Amino acid sequence: MADPMGHHEQYALHVNGHTLEVRDAWLGESLLYVLRERLGLMGSKGACEQGECGSCSVTVDGRLVCSCLVLAATAVGQQIVTIEGVAPVGSPSDVQQAFVDAGAVQCGFCTPGLIMAAHSLLERSPEPTEMEIREELSGNICRCTGYGRIIDAVQRVAVSRRDGGAR
Amino acid sequence: MSVIVPLTLHDALQALAEAPDATLLAGGTDLMVELNAGHRQVTDVVSLSRVADLCTWQHDPVRQVLTLGAGITYAEIATEPIAQWVPALAQAARTVGSPQIRNAATIGGNLGTCSPAGDGLPVLSALEAVVHLRSATGSRDLPFDEFMVGPKRTARLPGELITGVSVPVLDGWQGYSKVGVRNAMVIATASVALVTDPAARRVRLALGSVGPVILRCPEAEAAAATAVDFHAASVSDSAVEHFAELARAAARPIDDHRSTAAYRRHAVGVLAGRLLRKAFPNG
Ligand SMILES: Cc1cc2nc3c(=O)[nH]c(=O)nc-3n(C[C@H](O)[C@H](O)[C@H](O)COP(=O)(O)OP(=O)(O)OC[C@H]3O[C@@H](n4cnc5c(N)ncnc54)[C@H](O)[C@@H]3O)c2cc1C
């Protein structure tokens, strides 16, 4: 049958507000692979490739998902936001700044995924309880920090947004 | 390889009719894991995640039936309004993976994979859910217990897709409990769903991860139905213990990399007993 969205070995993805051409790709590639290897967006990290570690988290049409579990060619026409789309280089988002201030970044490998997850959490729940933060970040594994400072960072953002801080 | 992303059920069925052996892809949380690891080869993929007709639900307040489209995610099931109609399914949904997984994982995908450890499945079994299947040429409805025919084996035929699943909306208490090695992101070592139906004076019990399919426990259900007082919400301690014993007896667990048969048998007894006590808190 005719392919209504015209997917062949060449397709385009909307990433961080830009339309990017993907050429000569195998259609079985994950979105994570395409972002990193075809589009040069190295912010999303690949570790487990099975949805367990969260380091590849992105949003697709506003939904936080593991990009390793999205078949890239099915995301044609959807709005993809990666860590590179969160804030311009040099002017971090409030969540990114809070991670730095709270000492929530050590080796940094899990950080992009956690920033994506923290932004997603705070959009849905501006003043999360500690339990909620732990639950909502449970899809992101960090082997350095022990999570305490990450939770602290999220709470700092919640407080500063409530008190009228800039985003 | 081809990837087709239909937007309507009609187009999805048409695509499947032309390639009956095409691989259906929903949230990808089972399939992409296999694809990334090279454990599964695919040639034609029909993606269902943007078929609007599959991503809806209907609640019929007269018949008290809830129909979930196959594309409804665990994140949606875990929240209102769906959660209020099927609390045990919402509880099961909350235990699935992580937020990222629940945002993508669908009930249709859980049915499509049909692992004995699938968290939605014991609840669907206890609710006596009906699975809706459709092809380009017809449709049929199967009770869940006939749909699941073995570990990761279903009665779905080539050319068919799961359009959704219907469950009754019941008045009584219902719950789901799962044992695993940690809280988040864990496959069930053993799981139990208990559903009470006060109008029919029935208690329904289903076990997960302790057999090749989800197991119903007719002996335990019959014993509970006579032992409980629906009006007073009460049941005796000895009846709870007997119920747990019958649940253990119904289990057909195996030893594998996740646990031992003996532990699993013990665990379903503990969970079944606890759930019955929660349903009927008075002694
Ligand atoms: C990190 C991680 C954690 C997980 N944790 C849990 C957990 O705690 N509990 C649990 O139960 N599961 C868990 N899973 C497994 C998985 O998330 C569930 O089984 C989920 O419901 C699968 O849905 P999906 O939409 O992602 O399916 P997909 O991966 O898209 O598809 C799964 C299978 O179903 C078939 N299929 C999908 N939709 C249809 C349809 N409409 N008609 C016919 N066939 C169809 C596909 O062809 C495929 O064979 C986990 C997975 C990951 C990666």
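For every chain, the first residue of the written sequence is number 1, and numbering continues from 1 onward in sequence order. Each chain takes a letter, starting from A, and each ligand takes a number, starting from 1, following the order in which they are written. Given that the model is predicted, a residue must reach a pLDDT of at least 70 before its local features are reported, and side-chain atom pairs must reach 80 or more before they are shown or counted; all residues, however, enter totals for whole chains, interfaces and linings. Note that the side-chain values use all heavy atoms of the structure and ignore hydrogens as well as water.

### What to know about the domain arrangement of chain B
By a widely used convention, the size of an interface equals the accessible area lost when the partners come together. All names here are of chain B. This is how the line gets drawn: As annotated, the domain borders come from an automatic or database domain assignment. Pairs of residues are marked as contacts when any of their non-hydrogen atoms sit within 4.5 Å. Take the accessible area each of two parts loses on contact, using a 1.4 Å probe, and add the two losses: that sum is the buried area.
Per the domain assignment, the segments of chain B are domain 1 (3–168) and domain 2 (174–279). A straight line from the C-alpha centre of domain 1 to that of domain 2 covers 24 Å. Between domain 1 and domain 2, the contact holds 26 residues from the first and 22 residues from the second. Across the interface of domain 1 and domain 2, roughly 1,900 Å² is buried in total on both sides, 58% from carbon and sulfur atoms.

### Some points on the interface of chain A and chain B
Under the convention used in this document: The working definition used for a salt bridge is a side-chain nitrogen of Lys or Arg within 4 Å of a carboxyl oxygen of Asp or Glu. Whenever two N or O atoms come within 3.5 Å, that pair is a polar contact, provided that in protein one can donate a hydrogen and the other can accept it, and provided that, for residues adjacent in sequence, both atoms are side-chain atoms. Only DSSP runs of H or I covering at least 4 residues are called helices, and only runs of E covering at least 2 are called strands; the numbering of each starts at the N terminus. Put simply, Ala, Val, Leu, Ile, Met, Phe, Trp, Tyr, Cys and Pro go in the nonpolar bin, Asp, Glu, Lys and Arg in the charged bin, and everything else, Gly too, in the polar bin.
Taken together, the contact pairs 36 residues of chain A with 31 residues of chain B. With both chains or domains summed, chain A and chain B bury close to 2,600 Å², and 61% of this area falls on carbon and sulfur atoms. Taken together, the links from chain A to chain B amount to zero salt bridges. At the junction of chain A and chain B, the tally comes to eight residue pairs in polar contact (both at pLDDT 80 or more). Of all the elements, strand E4 (residues 63–66) of chain A adds the most residues to the side of chain A that touches chain B, at four residues. By residue class, the composition of the side of chain A that touches chain B is 16 nonpolar, 13 polar and seven charged.

### Let's talk about the sheet that holds strand E5 (residues 65–69) of chain B
Residue and element names in this part refer to chain B. Note the following rule: Strand pairing is defined by DSSP finding a minimum of two bridges between the two strands. Axis lines are fitted through C-alpha atoms, for helices just across the contact stretch, and the angle between N-to-C directions can take any value from 0 to 180 degrees.
In space, the five strands of this open sheet follow the order E4-E5-E10-E6-E7, with antiparallel pairing throughout. Each having just a single partner strand, strand E4 (57–60) and strand E7 (139–143) make up the two edges of the open sheet. Neighbour-to-neighbour, the strand axes of the sheet open up by a mean angle of 20 degrees, direction not taken into account. Relative to E5, E4 runs antiparallel, the two sharing four bridges. Opposite His59, over in E5, you have Leu66 as the bridge partner. Lying on the sheet, helix H1 (residues 9–18) is in contact with strand E6 (130–134) and strand E10 (161–168); it crosses E10 at an angle near 130 degrees.

### What about the packing of aromatic side chains?
The geometry of two aromatic rings is summed up by the distance between their centres and the angle between their planes. Residue and element names in this part refer to chain B. To keep things clear, this is the line we draw: Each Phe, Tyr or Trp ring, with Trp reduced to its six-membered ring, pairs with another whose centre is within 6.5 Å; inter-plane angles below 30 degrees give stacked pairs, above 60 give edge-to-face pairs, and intermediate values give tilted ones. Relative accessible area decides the class of each residue, using a 1.4 Å probe on protein chains only: under 20% of the type maximum gives buried, over 50% gives exposed, and in between gives partly exposed.
Taken as a whole, this structure holds two aromatic pairs over all chains when the rule is applied. Ring geometry for Phe230 and Phe280: centres 5.4 Å apart, planes at 85 degrees, overall edge-to-face. Of this pair, Phe230 sits in the loop between helix H10 (218–227) and helix H11 (237–250) while Phe280 is found in the segment after helix H12 (261–279), placing the two residues 50 residues apart along the sequence. Its relative accessible area of 15% is what places Phe230 among the buried residues.

### Quick look at the site of the ligand
To be explicit about the condition: Here a residue is near a molecule or strand as soon as one of its heavy atoms is found within 4 Å of it. Under the convention used here, a 1.4 Å probe and the Shrake-Rupley method define accessible areas, while residue burial counts only the protein chains that appear.
With respect to spatial proximity, 39 residues lie near the ligand, and among them Leu24, Thr29, Asp30, Thr106 and Asp119 of chain B are the closest. The ligand is flanked by residues contributed from chains A and B. Interatomic distance of 2.6 Å between a side-chain N/O atom of Thr106 of chain B and an oxygen atom of the ligand. Within the complex, the protein chains bury 94% of what would otherwise be the 980 Å² of accessible surface of the ligand. When contributions to the shell around the ligand are tallied by element, the ones reaching two or more residues are strand E2 (23–25), helix H2 (31–36), helix H6 (99–104), helix H7 (107–113) and E10 of chain B. Here the element with the most residues in the shell around the ligand is H7 of chain B; it accounts for five residues. Partitioned by chemical class, the residues of the shell around the ligand number 19 nonpolar, 14 polar and six charged.

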